[in-house]
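If you want the building blocks of each chain, they are given just below.
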2 protein chains.
Amino acid sequence: MIPEREEKFIRSHRVARMATADRAGKPHVVPICYVYEEGFLYSVIDEKPKKVAPDRLRRVSNIEGNPQVALVIDDYYEDWSKLGFVLLQGVAEILRGGEEHRKAIALLQEKYPQYRAMALEDKPVIKITPSRVQSWGAV
Amino acid sequence: MIPEREEKFIRSHRVARMATADRAGKPHVVPICYVYEEGFLYSVIDEKPKKVAPDRLRRVSNIEGNPQVALVIDDYYEDWSKLGFVLLQGVAEILRGGEEHRKAIALLQEKYPQYRAMALEDKPVIKITPSRVQSWGAV
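Position numbers for residues count from 1 along each chain, tracking the sequence in the order it is written. Throughout, the order in which chains and ligands are written sets their labels, letters from A for the former and numbers from 1 for the latter. Only residues with pLDDT of 70 or above have their local features reported here, since the model is predicted, and side-chain atom pairs are shown and tallied only from 80 upward, although totals for entire chains, interfaces and linings are computed over all residues.

A. Structural context of the interface of chain B and chain A. Whether two residues are in contact depends on their C-beta atoms, placed from the backbone: they are in contact if these lie within 7 Å. Taken residue by residue, the interface counts 28 residues in chain B and 28 residues in chain A. At the level of elements, β1 (16-21), β2 (27-32), β5 (68-75) and β6 (84-95) of chain B are the ones that each hand at least two residues to the side of chain B that touches chain A. The greatest single-element share of the side of chain B that touches chain A, amounting to six residues, is contributed by β5(B). Side-chain classes follow a simple rule in which Ala, Val, Leu, Ile, Met, Phe, Trp, Tyr, Cys and Pro form the nonpolar group, Asp, Glu, Lys and Arg form the charged group, and the remainder, Gly included, forms the polar group. The residue inventory of the side of chain B that touches chain A, partitioned by class, reads 16 nonpolar, six polar and six charged. Strands are runs of DSSP state E lasting at least two residues, helices are runs of H or I lasting at least four, and both sets are numbered from the N terminus onward.

Rendered as structure tokens:
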């Protein structure tokens, strides 16, 4: 479903910015680490310091109240002819265990060596199912 | 209203990612160039190639239907101890002319030399009024 050029761009990047919105349509956006696998993206509520418990994080409560999400993957350059982004819109769900959760953690630890020292087995994973992919500029 | 440390971080950065949502709470997020002035942020619908006319851009129609916005300003590093972001939530409006519009364009052209060759006088400006500022990590 995701064209090859966009898939390559998604796979080759290390950070995305994920937007969620609460039930009243109030947006929220944070940088996330992610992994792409077979048409889905996965992100874990990791051990980078948080002020609140994983389930109380805004991104988690927003997704539980309103599963619609958007992600943008891009680089900024001062040479604007090099700018480009991939925008994904779709729905998200929270995985709390099971085979798919385990596999997502393993893939994240493969992509990000930083994750290998973290105990992520019991951390919520955000699974994103994109339904629309748009790209702009030098992707 | 914005603490000094966060204001300095906002002023020293060149790109933000802005999330909007339509009336049904469907999020959208794009990278934007912006300028900070006296508690407000301004971004222009510039001449970087767009597929549709300025008023038909999703970010503009979303703001006109639901003025709530969120912006994140951050850098990604492989050394995760250096990660940090500033998250702004608030409302946005579209300026189409007048003194504040003119001043915003001038400030954007001062911050971004790339804008000096663009005819921006008649382009819509997004004015963001933050009502909540949060920061995380190494800001």
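B. Structural detail: the sheet that holds strand β3 (residues 35-37) of chain A. Residue and element names in this part refer to chain A. Each pair of strands is called paired provided DSSP finds at least two bridges between the two strands. The strand order β2-β1-β5-β6-β7-β4-β3 describes an open sheet built from seven strands, whose pairing is antiparallel. The sheet terminates laterally at β2 (27-32) and β3, the two strands that pair on one side only. Sheet twist, expressed as the average angle between the axes of neighbouring strands with direction ignored, equals 30°. As judged from the six bridges shared by strand β1 (residues 16-21) and β2, these two strands associate in the antiparallel manner. For threonine 20, the partnering residue across the bridge sits in β2 and is histidine 28. Orientation is described by lines fitted to C-alpha atoms, with helices fitted over the stretch in contact, and by angles between N-to-C directions that extend from 0 to 180 degrees. Strands in contact with helix α1 (residues 4-12) are β3, β5 (68-75), β6 (84-95) and β7 (125-137); relative to β6, the strand with the most contacts, it is inclined by about 70°.

C. Quick peek at the nonpolar core. Take the buried Ala, Val, Leu, Ile, Met, Phe, Trp, Tyr and Cys residues, join any whose C-beta atoms are within 7 Å, and the set you get is a nonpolar core. Around each residue's C-beta, the other C-beta atoms within 10 Å are counted; 20 or more make the residue buried, 12 or fewer make it exposed, and counts in between make it partly exposed. All C-beta atoms are placed from the backbone. In terms of nonpolar packing, the biggest core is built from 66 residues, with Val29(A), Leu71(A), Val29(B) and Leu71(B) touching the most fellow members. Look past the residues within four positions of Leu71(B) in its chain and what remains in contact with it is Val29(A), Ala16(B), Arg17(B), Met18(B), Leu41(B), Leu88(B) and Ile128(B).

By themselves, these are just geometric observations and shouldn't be taken as functional.
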